[in-house]
Structure formats: C-alpha cells, structure tokens
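Breakdown of the fold
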Amino acid sequence: MVNSILEGGFEISALQMVWLDADTAKEFYDVYSFLPEYYKIIDHAINGPCVAIEVRHDDPVLPFR
C-alpha cells in the first residue's frame, strides 16, 4: 500500500496506527451514511487498528481515490 501511494506521486508526511471508537468512525464515514452497508463499514473500522496516513500532493483528493 505504501509503495502504491509513493508511486502515485504522493508524499507521506505522517503515519500513525489508531483505534477508532464508534463515534469517531461514524463522524469520519458520515459522507457514506446513505449507503446500505454503512454500519458494516463502521463495524469494520472499529474492529481493529487503523493506519491513518497524511499525504501531500498538489491536488490529492481525486487522484488518491
């Protein structure tokens, strides 16, 4: 995953392993709350550690997706 990010022209400026609680996961994934699988996404996110990565790029959103 890290190699793909770097090969895509992004710079990784921070990386941290975190454990999300349900409220934080719901806030983070709020943009997907209309999806039928929303609660499965939340359950998956709080089921173990997550790796939060801060990337830098001239226009990061669309190319990263």
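Values in this document were obtained by computation on a predicted structure and should not be read as measured data. (Residues numbered from 1 in each chain as written. Predicted model: local features only at pLDDT ≥ 70, side-chain atom pairs only at ≥ 80, totals over all residues. Heavy atoms only, no water.)

1. A closer look at the nonpolar core
To keep things clear, this is the line we draw: The definition of a nonpolar core used throughout is a set of buried Ala, Val, Leu, Ile, Met, Phe, Trp, Tyr and Cys residues joined through side-chain atoms within 4.5 Å. Each residue's exposure class comes from its accessible area (1.4 Å probe, protein chains only) as a fraction of the maximum for that residue type: buried when under 20%, exposed when over 50%, partly exposed otherwise. In this text, helices come from DSSP runs of H or I with a minimum length of four residues, and strands from runs of E with a minimum of two, each type numbered from the N-terminal end. The criterion used for residue contact is that any of the two residues' heavy atoms lie within 4.5 Å.
Formed by Leu20, Ala25, Tyr38, Ile42 and Ala45, the largest nonpolar core amounts to five residues. No other element matches the three residues that helix α3 (residues 38-46) contributes to this core. Filtering out sequence-adjacent residues up to four positions away, Ala25 remains in contact with Leu20, Ile42, Ala45 and Ile46.

2. Focus on the packing of aromatic side chains
Stated precisely, the cut-off is as follows: Classification of ring pairs rests on two measures: the distance between centres of Phe, Tyr or Trp rings, Trp counted by its six-membered ring, which must be within 6.5 Å, and the angle between planes, read as stacked under 30 degrees, edge-to-face over 60 and tilted in between.
Counted according to the given criterion, the structure contains three aromatic pairs. Relative to Tyr29, the ring of Phe28 lies with its centre 4.9 Å away and its plane at 90°, an arrangement referred to as edge-to-face. The interplanar angle of 75° and the centroid separation of 5.0 Å between the aromatic rings of Tyr38 and Tyr39 together place this pair among those described as edge-to-face.

3. Details of α3
This is how the line gets drawn: In this description, one arc is meant: the one made by directions from the helix axis to the C-beta atoms.
Within α3, burial applies to Tyr38, Ile42 and Ala45. Taken around the axis of α3, the buried residues stretch over an arc of 65°, which confines them to a single face. Of the residues in α3, the exposed ones pointing more than 90 degrees away from the buried face are Tyr39, Lys40 and His44. On the buried face of α3, the contacting elements are α2 (22-28) and β2 (50-56).

4. Thoughts on the environment of Cys50
Among the structural elements, Cys50 can be located in strand β2. For Cys50, a relative accessible area of 21% corresponds to the partly exposed category. Measuring from C-alpha to C-alpha, the distance between Cys50 and Asp21 comes to 11 Å, with 29 residues separating the pair along the chain. Setting aside anything within four residues of it in sequence, one finds Cys50 in contact with Gln16, Met17, Val18, Leu20 and Ala45.

5. A closer look at the confidence of the model for the chain
Put simply, the rule is: Confidence of the predictor in every single residue is expressed as pLDDT, which spans 0 to 100.
Across the chain, the average pLDDT comes to 92, with 100% of residues at 70 or higher. Averaged over each element, pLDDT in the chain is lowest for helix α4 (residues 61-64) (75) and highest for α3 (97).

6. Quick look at the environment of Glu7
By secondary structure assignment, the location of Glu7 is in helix α1 (residues 2-7). Distance in space between the C-alpha atoms of Glu7 and Pro49 is 25 Å, their sequence separation being 42 residues.

7. Focus on a nonpolar patch on the surface
The cut-off we apply is this: For patch detection, residues must exceed 30% relative accessible area and be free of salt bridges, and they are connected within 9 Å for like charges or within 5 Å for nonpolar side chains (Val, Leu, Ile, Met, Phe, Trp, Tyr). Using a 1.4 Å probe, accessible areas were evaluated by the Shrake-Rupley method; residue-level cover was limited to the displayed protein chains. When a carboxyl oxygen of Asp or Glu is within 4 Å of a side-chain nitrogen of Lys or Arg, the pair counts as a salt bridge.
A cluster of nonpolar residues, Met1, Val2, Leu6, Leu15, Met17 and Val51, forms a patch on the protein surface that exposes about 610 Å² of accessible area. Within the residue set of the nonpolar patch, elements represented by two or more residues are α1 and β1 (11-18). By the secondary structure assignment, Leu6 is in helix α1. Judged by its relative accessible area of 44%, Leu6 is partly exposed.

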